[in-house]
There are 2 protein chains.
Amino acid sequence: MRLTTKGRYAVTAMLDLALHSDQGPVSLSDISNRQGISLSYLEQLFSKLRKRLLVTSVRGPGGGYRLSRSNDDIFVAQIVDAVNESVDATGCKGRSDCQSGNTCLTHHLWCDLSDQIHDFLSQISLEQLVHRNDVRQVAERQNFESRQSCFDSDKIRAAIVD
Amino acid sequence: MRLTTKGRYAVTAMLDLALHSDQGPVSLSDISNRQGISLSYLEQLFSKLRKRLLVTSVRGPGGGYRLSRSNDDIFVAQIVDAVNESVDATGCKGRSDCQSGNTCLTHHLWCDLSDQIHDFLSQISLEQLVHRNDVRQVAERQNFESRQSCFDSDKIRAAIVD
DNA sequence: TAATAACCTACTAAAATAGTCGGGTAAATA
DNA sequence: TATTTACCCGACTATTTTAGTAGGTTATTA
């Protein structure tokens, strides 16, 4: 079962995109600032998300990324699947050759678990997440912090100019 | 979320123990032969399983391991928990400090998922697994193969003596 | 044309996994 | 009592994955 920061970062970034989609394309550096994820790492993740047609990109100044579908048509499972190979809990990726060509003793148990996890994450859309209270609260804090840091960096820039 | 061969091996080994518990203590080398898991690796895993009081050990010739409780009182979640630190899907281990001290945007989602997985694995006992058809079939094949390999190694030994 | 931001490839440090190796120690049996 | 069996323990290691860097190219807009 593969569910690490990679998948978590991807979902977090996509949710950030959903939360700020009203302001036109969202740049990766904005996401990087708000979510504390390194820019280059985000680039790698969004390359995969784009290939899976979950986002579309706009180049040049004022560019960034947009969700390719509406919030209620993108599900957490799709995002995790896009960046990890799968959310498979078996070691053999469902091929049933876990014990040197044969099925291992617990193969079916891990298949059941994989289904369970996949079903759970397949039912959660970005739309649902956007409306959760805990998400809204964290998002509000992040917006405030990122405005602050813009203000701070403006002050620093001004100081340098002086 | 940590669920790799480590946890899978542990559950497989414990299930092997449950399947052969009628024949007295089961040695790790038996489990190693039947399940294709390296002996030294099994030793590491069983050290943890013993500390969590899931198995008891019997030393000396004819010794091995026994389940410390009945099959219906040992659950898959307990086994996985014993060898991994947890089946936690969050990156912060539930501490809510995922984004440099603060809660990250998707923290609660991963908490929900962790609960989901834990609930699922907490409901599955070794007793249930022992009675599954797919498990019985694999176990039967493994018993046959391990008898074969004993027979083979006897023949080899006899050939060497000659 | 200067700045911005996506896009792309290759590299790398750190961590975790999945072991190996070499020695113990305790208990049973011959 | 000697030997065997099998648990016990710690240190070491190869491989893989994760997470992140570095350095460039391409497209767009002001």
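Everything discussed here concerns the structure shown above.
Residues numbered from 1 in each chain as written. Chains lettered and ligands numbered in written order. Predicted model: local features only at pLDDT ≥ 70, side-chain atom pairs only at ≥ 80, totals over all residues. Heavy atoms only, no water.

(A) Representation of the protein's contact with DNA strand C. Taken together, 24 residues sit near DNA strand C, with Ser 57 and Tyr 65 of chain A together with Thr 5, Tyr 9 and Arg 59 of chain B positioned nearest. For DNA strand C, the backbone makes up 67% of the atoms found within 4 Å of the protein, where backbone means sugar plus phosphate. In the model, a phosphate oxygen of DNA strand C is placed 3.0 Å from a nitrogen or oxygen of the Arg 50 of chain A side chain. One of the side-chain nitrogen or oxygen atoms of Arg 59 of chain A is found 3.3 Å away from a sugar or linking oxygen of DNA strand C. Counting residues per element, the ones that place at least two in the surface near DNA strand C are helix H3 (39-51), strand S1 (55-58) and strand S2 (64-67) of chain A together with helix H1 (5-19) and helix H3 (39-51) of chain B. (Near = heavy atom within 4 Å. Polar contact = N/O pair within 3.5 Å; in protein donor to acceptor, adjacent residues only side chain to side chain. Helix = DSSP H or I, 4+ residues; strand = E, 2+ residues; numbered from the N terminus.)

(B) Main features of the pairing of strand S1 (residues 55-58) of chain B. With four bridges connecting them, S1 of chain B and strand S2 (residues 64-67) of chain B associate as antiparallel partners. Bridge pairing in S2 of chain B links Thr 56 of chain B to Arg 66 of chain B. (Pairing = 2+ DSSP bridges.)

(C) Region of the structure containing the environment of Ser 38 of chain A. Residue and element names in this part refer to chain A. Along the chain, Ser 38 falls in the loop between helix H2 (28-35) and H3. A residue is classified by how much of its surface remains accessible, and Ser 38, at 42% relative accessible area, is partly exposed. Taking the C-alpha atoms as reference points, Ser 38 and Leu 28, separated by ten residues in sequence, lie 9.3 Å from one another. (Buried < 20%, exposed > 50% of the residue type's maximum accessible area, 1.4 Å probe, protein only.)

(D) Representation of the nonpolar core within the structure. Judged by nonpolar contacts, the single largest core of 83 residues is most densely connected at Met 14 and Phe 46 of chain A together with Met 14 and Phe 46 of chain B. Tallying contributions element by element places helix H1 (residues 5-19) of chain A first for this core, with eight residues. (Core = buried A, V, L, I, M, F, W, Y, C linked by side-chain atoms within 4.5 Å.)

(E) Molecular detail of the pattern of salt bridges. Under the defined criterion, the tally for this structure stands at eight salt bridges over all chains. Asp 16 of chain A is paired through a salt bridge with Arg 34 of chain A; the nearest N and O atoms lie 2.9 Å apart. Placement of Asp 16 of chain A in helix H1 and of Arg 34 of chain A in helix H2 is noted, with a sequence separation of 18 residues between them. Taken as a pair, Asp 16 of chain A and Arg 34 of chain A share a single burial class, namely buried. Here the residues in one salt-bridge network are Asp 112 of chain A together with Arg 132 and Asp 134 of chain B, joined through shared partners. (Salt bridge = Lys/Arg side-chain N within 4 Å of Asp/Glu carboxyl O.)

(F) How the structure looks around the protein's contact with DNA strand D. For DNA strand D, the set of nearby residues contains 26 residues, the closest of which are Thr 5, Arg 59 and Pro 61 of chain A together with Ser 57 and Tyr 65 of chain B. Counting only atoms of DNA strand D within 4 Å of the protein, the sugar-phosphate share comes to 65%. For DNA strand D, a phosphate oxygen lies 2.6 Å from a polar atom in the side chain of Tyr 65 of chain B. Of all the elements in the fold, those that place two or more residues in the surface near DNA strand D are H1 and H3 of chain A together with H3, S1 and S2 of chain B. For the surface near DNA strand D, the class distribution of residues is seven nonpolar, 13 polar and six charged. (Nonpolar A, V, L, I, M, F, W, Y, C, P; charged D, E, K, R; others polar.)

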